[in-house]
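Commentary on secondary and tertiary structure
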Amino acid sequence: MLLELEQDNLQEIIDNNPNVVVQYSATWCGNCRIMKPKFKKEASQNENITFVLADAEKFPESRKLADVSNLPTFASFEKGKIKNQVQTNKYDLLKDLISEITSN
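Now for a look at the structure at hand. Going along each chain's sequence as written, the residues are numbered from 1 onward. For this predicted model, a pLDDT threshold of at least 70 governs which residues receive local features, and a threshold of 80 or more governs which side-chain atom pairs are given and counted, while totals over whole chains, interfaces and linings are taken from all residues. Note that the side-chain values use all heavy atoms of the structure and ignore hydrogens as well as water.

1. A few points about the nonpolar core
Soluble globular proteins: nonpolar side chains tend toward being buried together. Here is the rule: Definition of nonpolar core: a set of buried residues of the types Ala, Val, Leu, Ile, Met, Phe, Trp, Tyr and Cys, connected through side-chain atoms within 4.5 Å. Whether a residue is buried, partly exposed or exposed follows from its accessible area with a 1.4 Å probe, protein chains only, as a fraction of its type maximum: under 20%, in between, or over 50%, in that order. Every helix listed is a DSSP run of H or I at least four residues long, and every strand listed is a run of E at least two residues long, numbered separately from the N terminus. Any two residues whose heavy atoms approach within 4.5 Å are treated as being in contact.
The biggest cluster of nonpolar side chains holds 19 residues, and the ones touching the most others in it are Leu-5, Leu-10, Val-22, Tyr-24, Val-52, Leu-71 and Phe-77. Among the elements of the structure, helix 1 (10–16), strand 2 (19–25), strand 3 (50–55) and strand 4 (73–78) are those that each provide at least two residues to this core. Apart from the residues lying within four places of it in its own chain, the contact partners of Val-22 are Leu-10, Phe-39, Val-52, Ala-54, Thr-73, Phe-74, Ala-75 and Phe-77. Residues Met-35, Phe-51, Val-86 and Tyr-91 belong to the second largest nonpolar core, which totals 14 residues.

Listed below in structure tokens is the structure:
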């Protein structure tokens, strides 16, 4: 499942889904735009994970759930708690982050 945040409610999504992967991005971020189709591809291939696109500038409360100091940042959450995160534009690192959740 792929969701795009329309309000600052990421905590609610994390609380209600056992496995969540978030892409924090911004409209001006070129690397974010490059990674977005790859993120969407992973969402279509991993049905047991909720994928969320979150605009790091529009949703400050959602941004606080991870250490977002560079964009894009990808964060994984398991059973309501942050598991891992990576700031990257490398597809392999995103896949590694996702596989940490799917291997359980």
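2. Quick notes on the packing of aromatic side chains
The following threshold applies: Here the aromatic set is Phe, Tyr and Trp, taking the six-membered ring for Trp, and pairing holds for ring centres within 6.5 Å; pairs whose planes are under 30 degrees apart are stacked, those over 60 apart are edge-to-face, and all others are tilted.
Counted by the stated rule, this structure contains two aromatic pairs. Ring centres of Phe-39 and Phe-74 lie 5.9 Å apart, and the angle between their planes is 35°; on these two criteria the pair is classed as tilted. Separated by 35 residues along the polypeptide, Phe-39 in helix 2 (residues 30–45) and Phe-74 in strand 4 bring together distant segments of the chain. Using a relative accessible area of 0% as the deciding quantity, one classes Phe-39 as buried. Taking relative accessible area as the criterion, Phe-74 reaches 0% and is therefore assigned buried. Within the aromatic cluster, the residues linked to one another by ring pairs are Phe-39, Phe-51 and Phe-74.

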